[in-house]
Amino acid sequence: MNERMIRIRGARSNNLRSVDLDVPRGALTVFAGVSGSGKSSLVFDTIAAEAGAQVNETYPPFLRNRLPKWTRPEADELSGLSPVVVIDQRRLGGNARSTVGTVTDAWTYLRLLYSRIGTPHLGESNRFSFNDPAGMCPACSGLGEAVAIDTGRFLDPDRSLRQNAILLPGFAEGGYWNAKYTDIGTFDPDKPLREWTEDERTALLFGGAHADRLPVPPPADYESLVSWFERIYLRTGDNISDQKQKAIDRFTRSGTCAECGGDRLNAEARAVTVHGRTIAELALMEIAELAVLVETIEDPSVAPVAAALAERLHALDAIGLGYLHLGRGTTTLSGGESQRIKTVKHLGSSLIEMLYIFDEPTVGLHPHDVDAMTGLLGRLRDKGNTVLVVEHDPAVMAAADRIVEIGPGAGAAGGRVVFEGTYGELREADTPTAQALARRAPATTAPRRGRDTLTVKGADRNNLRDVTVDLPTGVLTVLTGVAGSGKSSLAAELVDQHGAIVVDQRPVGAGRRSTPITYTGIAAPIRKLFAKASGLPAKYFSANSEGGCPDCKGLGTVYTDLAFMDGQETVCETCGGRRFTEETLRHRVDGLTVADVDDLTITDALQRLAEPAIRRGLRDLDRVGLGYLRLGQPLSTLSGGECQRVKIARELRDADEPSLYVLDEPTTGLHLRDVDTLVDVLDRLVEAGHTVVVIEHHLDVIRRADWVVDLGPGAGRHGGRVLYEGPVAGLRGTATAAALGRP
Ligand code: ADP
Ligand code: ADP
Ligand code: ZN
Ligand code: ZN
């Protein structure tokens, strides 16, 4: 056996067709292939899952419970693996306490610096930690933000108490709370609030001395609306219901903490300086500038700390994140930014012989920034690690030692290794990826003309420099520019100024059991089809009605509660996961049982189920390139890009009035071949009269745009300007133009 290889034999997870493959260790390998071909099934569900499971087995059971759970893959042999680190685009924690500084450890070094050489000398480094009581601002507990009640939204001044002037939940007409204030005798229940005295209004909202000055003071146990709101909504436990959270969002505003001004630290920590600057000032500096500043610190007592900090900052800058500042909350970072930060973190690690797996690391990166990313991947390999990357970007393929293409098609038409070799060899091959590389979309030569214009005026959000642009309506506009140049900020401003349908990559808002069948509303037509063929009532073909397996109630799985461990979900033994009773499964339509229908892909279903209602429901999902999904596949298993395409499909069907659509990187996760299909879909929206604005780096999308707005020239403070607006043919002299091969 060759130890320099990861050896895979007979891998069969999801659609994989007993894949045999040797992947070189210590090399950078890219996995390519059309969407749904099986790249993730091989790289994540097989290689990463086995590596993760093997490492977990080396830990005692009580620790295993705390580790990520890996499902053992279906394969005959998997060997030559190392401990695995998966670097995906999941955003960096939803924790308000983590910042770019804390997750990269740069803040730890800064704290050390300040504790050693700061003036006045304070001592321990946790005095500069906003996550430690010793350093945190007492007013906001180190969050930098405080929730303030927005009483301006409590009342409708044009109505009286009897007309429900109090807008808080629970105060509707005839409601318990409403009566309490209406009948108190202190306030005139029929007078619109506008006509009340200032004292009366203040008494209603805040109580206190104002209330006692009124002609009929309220009783001693009177509770003002603000104390009521605090008691019901703000002083509750951790488990806040969605409904409560909505009320909180509606009647409060979170703003910068007045005590620390957002610096998160207490007064003592905020006063300490190094070279005349406070740590809070450094937290607001751009990383690129901070790196230069740190190099000027020459005090020998902190030389190793300053050197380590400078190295970390330079690495962030090199990967195109120099425009961020250490104080930036990680919850506000994009998926691509989060992924690059995770990458830098691992570069700083001294572990070797690891297995690093990346999921589309170029998401959110302008071609100009892709080089920096491939450079990082190469450095990770050069440190002695094995790097596997699932990626569609030709630039990353070109930088790889080896490419493996899975395919040729999606779902059942994929699942095989169709190519192994170098990029040069791929260009000579005859695979879907090679074909797509050979035939890139030509630039639009006859752009559509706008009907009218939408003006975004004086946009100054984040780094935008008082930007005003005219966007033509009824065409496809692409916002381009290097990462951090201000594209998302401009899109947000457009949405604010004009209102828009934002088609994002958040999970499709549907229940855990939701599938393409339930989502498209074709469950009833499918049942009808079986009812017609069998002569039985339709309910016998519903898994959560008469037709469902009685033991698992049509879920296909049973949940077992284990006293001391996490509960476990296992396949139901009675129905073997097929969800239906044997009786139900005896009936067939076109040779298929109702359970077989769940296993059809959307494309197959369109060919086999002729019923118009079913075809109508599925057609749009097929059109956006999701034909490879199985009808019964839980929507919760979809990636961000897939969720976005499900939403585009919904819009294709629903939209009637001309609307403004805004999309952020709809090509995420798409193979070159599918990008064309996606632009066709966007074109269809435009042809239906809509205005479509997309943030995109994909050159094939930019080439096909009617109108381009190019932002830059750099990121952060160095960006935020419009470099070009017009048809793509006129784009010259910018980083985007260069990527398009223009002078
Ligand atoms: P790729 O990564 O190349 O886009 P995947 O490996 O995600 O492809 O998917 C390959 C096939 O397996 C597709 O047909 C997909 O629908 C199916 N598949 C992926 N994950 C699951 C899952 N959790 N359950 C059932 N089918 C799945
Ligand atoms: P792009 O979409 O071109 O990558 P963005 O509009 O996301 O750029 O960012 C432009 C600038 O604004 C960057 O410097 C970024 O760090 C900053 N920025 C973006 N969102 C926020 C935020 N929520 N808080 C603070 N700064 C932000
Ligand atoms: Zn504070
Ligand atoms: Zn069952």
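Residues numbered from 1 in each chain as written. Chains lettered and ligands numbered in written order. Predicted model: local features only at pLDDT ≥ 70, side-chain atom pairs only at ≥ 80, totals over all residues.

Participant: Could you clarify how one ought to interpret the packing of helix H13 (residues 303-321) against helix H15 (residues 367-382) in this entry?
Facilitator: Two quantities define a packed helix pair, namely the angle between the axes and the distance from one axis to the other. Contact geometry for H13 and H15: axes closest at 8 Å, N-to-C directions at 135 degrees. For the element pair H13 / H15, the angle class is oblique. For the pair formed by H13 and H15, the contact residues are Ala318, Ile319 and Gly320 on the first element and Asp369, Ala372, Met373 and Leu376 on the second. A per-class count over the contact of H13 with H15 returns five nonpolar, one polar and one charged. (Axes fitted to C-alpha atoms, helices over the stretch in contact; angles between N-to-C directions. Helix = DSSP H or I, 4+ residues; strand = E, 2+ residues; numbered from the N terminus. Parallel < 35°, antiparallel > 145°, perpendicular 65-115°, else oblique. Contact = placed C-beta atoms within 7 Å. Nonpolar A, V, L, I, M, F, W, Y, C, P; charged D, E, K, R; others polar.)

Participant: How should the domain arrangement of the chain be read in this particular structure?
Facilitator: Note on interface size: it is often stated as the accessible area lost on association of the parts. In terms of domains, the chain is made up of domain 1 (5-91 + 335-438), domain 2 (100-144 + 258-321), domain 3 (147-256), domain 4 (453-508 + 640-739) and domain 5 (516-636). Just the C-alpha atoms count here: the centres of domain 3 and domain 4 sit 43 Å apart. (Domains from an automatic or database assignment.)

Participant: Explain unusual backbone geometry to me, please; I cannot follow it from the model alone.
Facilitator: Leaving glycine aside, a negative phi is the common case for residues, and trans is the common case for peptide bonds. In this model, Thr119 is joined to Pro120 through a cis peptide bond whose omega is -10 degrees. By the secondary structure assignment, Pro120 is in the loop between helix H4 (106-117) and strand S6 (145-149). The residue after Gly407, namely Pro408, is reached through a cis peptide bond having omega 0 degrees. Residue position: Pro408 is located in the loop between strand S12 (402-407) and strand S13 (416-421). Phi at Asn164 takes a positive value of approximately 65 degrees, unusual for a residue other than glycine. With respect to the secondary-structure elements, Asn164 resides in the loop between S6 and helix H5 (176-182). Asn164 gets classed as partly exposed once you count the C-beta atoms within 10 Å, which come to 16. Phi at Glu353 takes a positive value of approximately 60 degrees, unusual for a residue other than glycine. (Buried ≥ 20, exposed ≤ 12 C-beta atoms within 10 Å, placed from the backbone.)

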